[in-house]
Amino acid sequence: MLTNHLDFRLEPKLKEMYEEHKKRAEKIDWGYHEFLPWDKAMDFRRVPWDESQVTLPKSIITAVETALLTEVNLPWFTSHLDQTFKGSLSIIKDFVHTWTAEEDQHSNLLETYLLITRNVDPNRLHQLHKQTLENGWNPDYDTPFETMVYTSMQELATMVFYYNVAKVAGPHDKDLASMLRRLAKDETLHYAFYRDVIKLHLQLEPNYCYYLGNVIKNFQMPGAVMPDFEDRMAIIAKEANYGPLEYFDQVLDVIVEYWELEKLRPIAPEAEKARLDILKYHSRLKRVRDRYYKNK
């Protein structure tokens, strides 16, 4: 059996997972106003922005700004999920609504922080925000299962990004590090739900492997539509603790192991081929990673 629809037989289990998610999220519920250094705020009309007011290293500013321009894609992401899961399991649509509500304040937190601390030119940031949203975001797939695979990887990558940047930001601004770790906790819960939906499907029907490869081998963050994305990621990789090596070690390697792709045995030949292709892709990147560390 090859299908990219979600399996209705799993709906009771997914409902249990959704209820558990809400309980966990309620325990760590927060408002973005709690994490902002409001005492640093000044009126831009009374005190115009000047580059001398910047307090953070450029690399950290770039990382926070890039995270913001990724988070502002929420309307496009939500629209894609809404269309993708139309006619699918109702519990998934319920979770997407909860996920949207929990994600909604992420961009507010990051943007307000950058403005309050004056680490960015407010006019430039406004234009970047506007341009990123105008660019839109459309993934290369629109099926329920592939979309769940993508959200699993995207949430994990975002979680890792926030935790990693928080480590280098801490010595410069403890408030910023605390904010980033707060965002990472949200992403952790979201990732846990999405990844487990995929694992349950793979355990029930290993032939779902057929639809994993397209997403895993071509994964790209929704923030790729922002201006100068490649340049930004090069700076972040070099100076802000998140690049290809971290992606392999903390995202790709983690997800391949969690979904137990080495143990799955699909019956459909094309599904087995897809599984082996993913493992070859993973092995190739692992060799690149190992050579880097060996020659470092």
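Described below are features of the structure shown in this document. The structure displayed is predicted, hence computed values, not measured ones. (Residues numbered from 1 in each chain as written. Predicted model: local features only at pLDDT ≥ 70, side-chain atom pairs only at ≥ 80, totals over all residues. Heavy atoms only, no water.)

## Examining the overall build of the chain
If you tally the helices and strands in the chain, you get 11 helices and zero strands. Its helices and strands taken in sequence order, the chain reads α-α-α-α-α-α-α-α-α-α-α from the N to the C terminus. Taken over C-alpha atoms, the radius of gyration comes to 20 Å for the chain, in line with the 19 Å a tight globule of 296 residues would show. In terms of its C-alpha atoms, the chain occupies a principal-axis envelope of roughly 70 × 50 × 35 Å. Counting every position in the chain, which comprises 296 residues, the buried fraction comes to 54%. (Helix = DSSP H or I, 4+ residues; strand = E, 2+ residues; numbered from the N terminus. Rg over C-alpha atoms; globule rule 2.2 N^0.38 Å. Buried < 20%, exposed > 50% of the residue type's maximum accessible area, 1.4 Å probe, protein only.)

## Regarding the layout of surface pockets
A volume near 640 Å³ is recorded for the largest pocket. Met233, Tyr242, Gly243, Pro244 and Tyr247 are the residues nearest the centre of the largest pocket, which is lined by 25 residues in total. Every element with two or more residues in the lining of the largest pocket is listed here: helix 2 (58–71), helix 6 (144–169), helix 9 (229–239), helix 10 (244–258) and helix 11 (269–295). For the lining of the largest pocket, the class distribution of residues is 18 nonpolar, five polar and two charged. (1 Å grid on protein atoms, 1.4 Å probe; cavity = no way out; pocket = protein on both sides within 12 Å on 5 of 7 lines; lining within 4 Å. Points joined across faces, edges and corners; volume = space filled by probe spheres on them. Nonpolar A, V, L, I, M, F, W, Y, C, P; charged D, E, K, R; others polar.)

## Considering the packing of aromatic side chains
Across all of its chains, the model carries 17 aromatic pairs by this definition. Consider the rings of tyrosine 141 and tyrosine 150, whose centres lie 5.6 Å apart with planes at 50°: the pair is tilted. Accessibility classification places tyrosine 141 together with tyrosine 150 in one group, the buried group. Three or more aromatic residues joined by ring pairs form one cluster here, namely Phe77, Trp99, Trp137, Tyr141, Tyr150, Phe219 and Tyr247. Between the NZ or CZ atom of arginine 195 and the centre of the ring of tyrosine 258, over which it lies, the distance is 4.2 Å. (Phe/Tyr/Trp six-rings, centres within 6.5 Å; stacked < 30°, edge-to-face > 60°. Lys NZ or Arg CZ within 6 Å of the ring centre and 35° of its normal.)

## Focus: unusual backbone geometry
Notably, aspartate 228 is not glycine yet its phi reads approximately 60°, a positive angle. Along the chain, aspartate 228 turns up in the loop between helix 8 (213–217) and helix 9. For aspartate 228, a relative accessible area of 52% translates into the label exposed. A positive phi angle is found at glutamate 260, which is not glycine, with a value near 55°. Along the chain, the position of glutamate 260 falls in the loop between helix 10 and helix 11. Given the relative accessible area of 30%, glutamate 260 is considered partly exposed.

## What about the pattern of salt bridges?
Counting across every chain of the model gives 16 salt bridges. The salt bridge involving arginine 275 is made with glutamate 272; its shortest N-O contact spans 2.8 Å. Residue arginine 275 and its partner glutamate 272 are both found in helix 11; the two are separated by three residues, about one turn of the helix. The exposure class assigned to arginine 275 is buried, which follows from its relative accessible area of 5%. Members of the salt-bridge network, linked through shared partners, are Asp249, Lys286, Arg289 and Asp290. (Salt bridge = Lys/Arg side-chain N within 4 Å of Asp/Glu carboxyl O.)

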